[in-house]
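Chain and residue survey
Now for the letters of each chain:
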Amino acid sequence: QGQLLAKSWSSLFEGQSGAALRGPIYSFNGRNILTDALWPRRLAWHGSTPRGGHARRWDCQGWRSSGGAEGMAAALGEGRLLAGHRHNCSTP
């Protein structure tokens, strides 16, 4: 009874920065992260290049709270899963 986000797994990563996301996206506790105030940034952290490869320098893998590392994340409101920009890994 959910809404279709993409036609297939591979379609999430095809084309210009991946599939256009449609419909609401819910957290594990049932909150709509696109409208709920608990999610002010609405970012999907992925650490990937626009073509789906591993962005080694921008994946937050070695992040520590005292560091200034950056990782790739996409703003969910833009509708493109891999259309990322660098954000500080400490960003909630």
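First, a word on scope: everything that follows refers to the structure included in this document.

Conventions and cut-offs
Residues numbered from 1 in each chain as written. Predicted model: local features only at pLDDT ≥ 70, side-chain atom pairs only at ≥ 80, totals over all residues. Heavy atoms only, no water. Core = buried A, V, L, I, M, F, W, Y, C linked by side-chain atoms within 4.5 Å. Buried < 20%, exposed > 50% of the residue type's maximum accessible area, 1.4 Å probe, protein only. Contact = heavy atoms within 4.5 Å. Salt bridge = Lys/Arg side-chain N within 4 Å of Asp/Glu carboxyl O. Helix = DSSP H or I, 4+ residues; strand = E, 2+ residues; numbered from the N terminus. Pairing = 2+ DSSP bridges. Axes fitted to C-alpha atoms, helices over the stretch in contact; angles between N-to-C directions.

Let's shift gears to the nonpolar core. Membership of the largest hydrophobic core is limited to six residues, which are I25, I33, A44, L76, L81 and L82. When sequence neighbours within four positions are dropped, the list of residues in contact with A44 reads M72, A73, A74, L76 and L81.

To continue, consider the pattern of salt bridges. In total, this model carries two salt bridges according to the counting rule given. Between R31 and D36 there is a salt bridge, with its nearest N and O atoms 3.0 Å apart. Linking E70 and R86 is a salt bridge whose minimum nitrogen-to-oxygen distance equals 3.2 Å. Pair noted here: E70 is in strand β2 (residues 70–75) and R86 is in strand β3 (residues 84–88), with a separation of 16 residues, a long-range link. Overall, E70 belongs to the partly exposed group, its relative accessible area being 29%.

Spatially, β1-β2-β3 is the arrangement adopted by the three strands of the open sheet, whose pairing is antiparallel. The sheet is open, and its two borders are formed by β1 (43–45) and β3, each paired with just one other strand. Averaged over all pairs of adjacent strands, the angle between strand axes in this sheet comes to 50°, irrespective of strand direction. Bridge analysis of β2 against β3 gives five bridges, and the strand direction is antiparallel. Its bridge partner being in β3, G71 is matched across the sheet by H87.

Spatial relationships are all this shows, so hold off on functional conclusions.
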